[in-house]
Amino acid sequence: MADAARSTDRLEALDITRKLAAICGTPFARFAGPADEVAGRTARWVAVPGGPHAAAEVLRLAAAHDLTVVPRGAGTKIDWGAAPAQVDIMLDTGRLAGVWHEPRDAAVAEIGAGTPLRAVQATLARTNRRLPVDAPSPGATLGGVLAADESGPLRHRHGSPCAQLVGVRYLDADGELVSVGESGTEALGRATPGSGGGRASGRGPAGDGGGGAGSGPACAADGFGWGAGGLADGPGWGVGDPAGGAGGDPGRGGGDAILGRGEVPGLDVARLLCGSQGGLGVLVSATMRVHAVPAGRLWVSRPVWTPLEVHDLVRAVLAAGVDPAAVELDLPVPVPLPRRRIPPTHPSVVNRPDHPAVTGRPAAGSLVVLLEGGPADVTERAERLTAVLGAEAIVSHHAPEWWGRYPFAPGDTALRIEVPINDLHAAVYALRDATGGPVPVRGSAGSGTVHAALSGALPPERVASILTAVRSVLIARRGRCVVVAAPAAVRRAVDLWGELPTLPRLRSAKAHLDPHHRLAPGRLPGGL
């Protein structure tokens, strides 16, 4: 009987493989291998659809056979967050790629979800424009960045990637193609490449599957993932998200009360995909705001010794009227080599004889401010900023080596801390107290969002006690601490998200958008 059941399973598996090959093309559908994992959970099949309609067919096939689907591209963050309960089909977004950019003065561009961010920037640079998105994950695709709402230093001025969305196309759990907001090409009165507009029905053109060229210019691609902070960081779930209203996806009834109202009908629904790890829909393309490449860029850095000093300096920077594009902090461990002393009569340390700059203790790290704009204007603002930061401030035309990088390495327990900037120093002190010593911390001191690294050798119970201590300090300050990535034993043993007041709303959204839990089940908070 068992042999007969295994034979039936094999026949069904082969049948599904043949159907995936018919949709995607024989080279683009296969049984999964050992490397096709999501946070340690191995997939059964890998499908690489050639365009939106082929991807829709993959989702319809999954629905027909009651299979789960997890999107993947570059896989730069595929091991972040919770492991899914099951991964039947890994939907690789690598062929959902292309940049449909407009003339030089266009303010938006439509970009395929599978397009590597570096390819987006290279394409836009030809018309002296850029996407003000600088996610730290090397090789990440735009879809992966949005699915994680992953931000880099430029978030200080431009907001998160999700905040820059003006339109998206995505596939719901039933394989329906949904278009909301504005597309880069439709804004100029032309049809979107590869798009039928609105909800798609039936199969796409012949070139969409079967190894065809897809829906737009081909780019090598790779990356859906779960990013820094995950869905709780997206506009739909963070602190101060909009109150419920009458908006919602016009293609679905009942979404209004769950999802709230956006400035563009349906765009509030689309923005829920940001940080959702593919658990609410599969991104196909996004229309993003683009900006001219700044003619001048200068980095003004200053060594720092204590979190409290960082607090004072950040306040001074933000009050100086220099309009920074980014304000980043790096507190590494171990500390750098010793540095020169400055006189105790210097204005920056007057009445502070025990300050490390006077005693000669090595600096603990550095605070770096990025200024962007016209060359003359940037130079003038840099001069004003150095006067504020003191004699130890240094101006450079190049970013420091650590700029736009995470402080953690593979195997570490990576934390994301979000707190109002006036309380960032308290969060860092709380982390040091809980761990019993300095912890590498890096991130945006100007927006109160930083990352920290705990040794992967720490036992799960020790990590859990550190999280409890840090969260107890943050909760009173309207802050939070999220476990971004961790060894498998830690990931299974600790609460990755902590208290999440918006969990009921998330539960309602999951029930509304993916009622059968086919999309990345278990990846979202609460096991959703």
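Read on for a plain summary of the structure. (Residues numbered from 1 in each chain as written. Predicted model: local features only at pLDDT ≥ 70, side-chain atom pairs only at ≥ 80, totals over all residues. Heavy atoms only, no water.)

A short note on the state of the cysteines
Under the convention used in this document: For this text, the term disulfide refers to a pair of cysteine sulfurs within 2.5 Å. Working definition: helices are DSSP H or I runs of at least four residues, strands are E runs of at least two. Numbering for both runs from the N terminus. Partly exposed describes any residue whose relative accessible area lies between the buried limit of under 20% and the exposed limit of over 50%, with all areas from a 1.4 Å probe on protein chains only and scaled to the type maximum.
Taken as a whole and assessed by the stated rule, the structure comprises one disulfide. Linked covalently through their sulfurs, Cys 162 and Cys 274 form a disulfide whose S-S length is 2.3 Å. In this structure, the disulfide formed by Cys 162 and Cys 274 twists by about 85° around the S-S bond and is classed as right-handed. In this pair, Cys 162 is assigned in the loop between α5 (155–158) and β10 (165–171) and Cys 274 in the loop between α7 (267–271) and β12 (282–289), connecting sequence segments 112 residues apart. As far as burial versus exposure is concerned, Cys 162 and Cys 274 are alike and both buried.

Digging into the side chain of Ser 285
Our working rule: Two N or O atoms form a polar contact when they lie within 3.5 Å of each other; inside protein one atom must be a possible hydrogen donor and the other a possible acceptor, and for residues adjacent in sequence the pair counts only when both atoms belong to side chains.
Among the secondary structure elements, Ser 285 is positioned in strand β12. At 2.8 Å, the side chain of Ser 285 and the side chain of Glu 110 are in polar contact.

Focus on the sheet that holds strand β6 (residues 89–92)
Hydrogen bonds between backbone groups are what pair the strands of a sheet, and the pairing can be parallel or antiparallel. Quick note on the threshold: Strands qualify as paired when DSSP identifies two bridges or more between them. Structural elements are reduced to axes, namely lines fitted to C-alpha atoms, with helices fitted over the stretch in contact, and the angle between N-to-C directions of any two is expressed from 0 to 180 degrees. Note on definitions: a residue-residue contact is assigned when non-hydrogen atoms from the two residues lie within 4.5 Å.
In spatial order, the strands read β1-β4-β6-β5; together these four strands make up an open sheet with mixed pairing. Strands at the two margins of the open sheet, each flanked by one partner only, are β1 (29–31) and β5 (69–72). Sheet twist, expressed as the mean angle between neighbouring strand axes with direction ignored, is 20°. Relative to strand β4 (residues 45–47), β1 runs antiparallel, the two being bridged by three bridges. Pairing of Phe 31 across the sheet is with Trp 45, part of β4. Strands β4, β5 and β6 of the sheet are contacted by helix α2 (residues 52–64), whose axis makes an angle of about 170° with β6.

Here's the deal with the environment of Phe 31
Along the chain, Phe 31 falls in strand β1. For Phe 31, a relative accessible area of 41% translates into the label partly exposed. Along the primary structure Phe 31 and Thr 17 are separated by 14 residues, whereas in three dimensions their C-alpha atoms are 7.2 Å apart. Setting aside chain neighbours within four positions, we find Phe 31 in contact with Ala 13, Leu 14, Thr 17, Arg 44 and Trp 45.

As for the pattern of salt bridges
Note the cut-off: The salt bridge criterion pairs a side-chain nitrogen of Lys or Arg with a carboxyl oxygen of Asp or Glu, the two atoms within 4 Å.
Counting across every chain of the model gives 21 salt bridges. Among the salt bridges present, the one from Asp 36 reaches Arg 30, with a minimum N-O distance of 2.8 Å. Given the relative accessible area of 5%, Asp 36 is considered buried. Exposure remark for Arg 30: the relative accessible area of 38% places this residue in the partly exposed category. For Arg 72, the salt bridge identified is with Asp 92, shortest N-O distance 3.3 Å. Residue Arg 72 is found in strand β5, and its partner Asp 92 is found in strand β6; the two are separated by 20 residues along the sequence. Across the pair, Asp 92 and Arg 72 agree in class, each one buried.

Considering α2
The line we're drawing: Given a helix with a known number of residues, its expected span is that number minus one, times 1.5 Å.
Helix length check: α2 (13 residues) gives 18 Å between terminal C-alpha atoms against 18 Å at 1.5 Å per residue, within 8%. Counting buried positions along α2 gives 10 out of 13 residues, so the element sits mostly inside the fold. Within α2 the residues assigned to the buried category are Pro 52, His 53, Ala 54, Ala 55, Ala 56, Glu 57, Val 58, Leu 59, Leu 61 and Ala 62. Trailing α2 by a residue or two, Asp 66 shows a phi angle of about 55°, which is positive.

What to know about the nonpolar core
Here is the rule we go by: To qualify as a nonpolar core, a set must consist of buried Ala, Val, Leu, Ile, Met, Phe, Trp, Tyr and Cys residues joined through side-chain atoms within 4.5 Å.
Among the nonpolar cores identified, the biggest contains 48 residues, and Leu 367, Leu 371, Leu 385, Leu 415 and Leu 431 are the most heavily contacted of them. Sequence-distant contacts of Leu 385, that is, excluding residues within four places in its chain, are made with Val 300, Val 317, Val 322, Val 369 and Leu 371. In this structure, Val 120, Leu 131, Cys 274 and Leu 524 belong to the second largest nonpolar core, which totals 36 residues.

Observations regarding the packing of helix α8 (residues 307–319) against helix α11 (residues 424–435)
Operational definition: Working definition: roughly parallel below 35 degrees, roughly antiparallel above 145 degrees, roughly perpendicular at 65 to 115 degrees, and oblique for all remaining angles. Left-handed describes a crossing whose near helix is turned anticlockwise from the far helix by less than a right angle; the clockwise case is right-handed. Just so you know the grouping, Ala, Val, Leu, Ile, Met, Phe, Trp, Tyr, Cys and Pro go in nonpolar, Asp, Glu, Lys and Arg go in charged, and all remaining residues, Gly too, go in polar.
The interhelical angle for the contact between α8 and α11, taken along N-to-C directions, is 165°, at an axis separation of 8 Å. When the axes of α8 and α11 are compared, the pair comes out roughly antiparallel. Crossing of α8 against α11: the hand is right-handed. Only His 425, Val 428, Tyr 429 and Arg 432 of α11 make contact with α8, whose side of the interface consists of Pro 307, Leu 308 and His 311. When the residues that make up the contact of α8 with α11 are grouped by side-chain class, the tally is four nonpolar, two polar and one charged.

Looking at the environment of Val 314
Assignment of secondary structure puts Val 314 in helix α8. Along the chain, Val 314 and Ile 421 lie 107 residues apart, while their C-alpha atoms are 8.4 Å from each other. Excluding residues within four positions of it along the chain, Val 314 makes contact with Val 327, Leu 367, Ala 445 and Gly 446.

Description of the packing of aromatic side chains
Heads up, the rule is: By convention, a stacked pair of Phe, Tyr or Trp rings (six-membered ring in the case of Trp) has centres within 6.5 Å and planes under 30 degrees apart, an edge-to-face pair has planes over 60 apart, and any other such pair is tilted. Working rule: Lys NZ or Arg CZ, within 6 Å of ring centre, within 35 degrees of ring normal, means a charge sits over the ring.
Inspection of every chain in the model, using the stated rule, returns six aromatic pairs. Between Tyr 406 and Phe 408 the ring centres are 4.8 Å apart and the planes differ by 15°, which places this aromatic pair in the stacked class. Each member of the pair, Tyr 406 as well as Phe 408, is classed as buried. Through successive ring pairs, a cluster of aromatic residues spans Trp 80, Tyr 406 and Phe 408. Over the ring of Phe 28 we find Arg 95; its NZ or CZ atom is 3.7 Å from the centre of that ring.

Observations regarding the packing of α11 against helix α12 (residues 460–475)
Axes are the key here: two packed helices are described by the angle between their axes and the distance separating the axes. One can describe the packing of α11 onto α12 by two numbers: an axis separation of 9 Å at closest approach and a directional angle of 150°. Compared by their axis directions, α11 and α12 come out roughly antiparallel. Crossing of α11 against α12: the hand is right-handed. Where α11 abuts α12, its residues Ala 426, Ala 427, Ala 430, Leu 431, Ala 434 and Thr 435 lie against Arg 462, Ile 466, Ala 469, Val 470, Val 473 and Leu 474. Among the residues forming the contact of α11 with α12, the class breakdown is 10 nonpolar, one polar and one charged.

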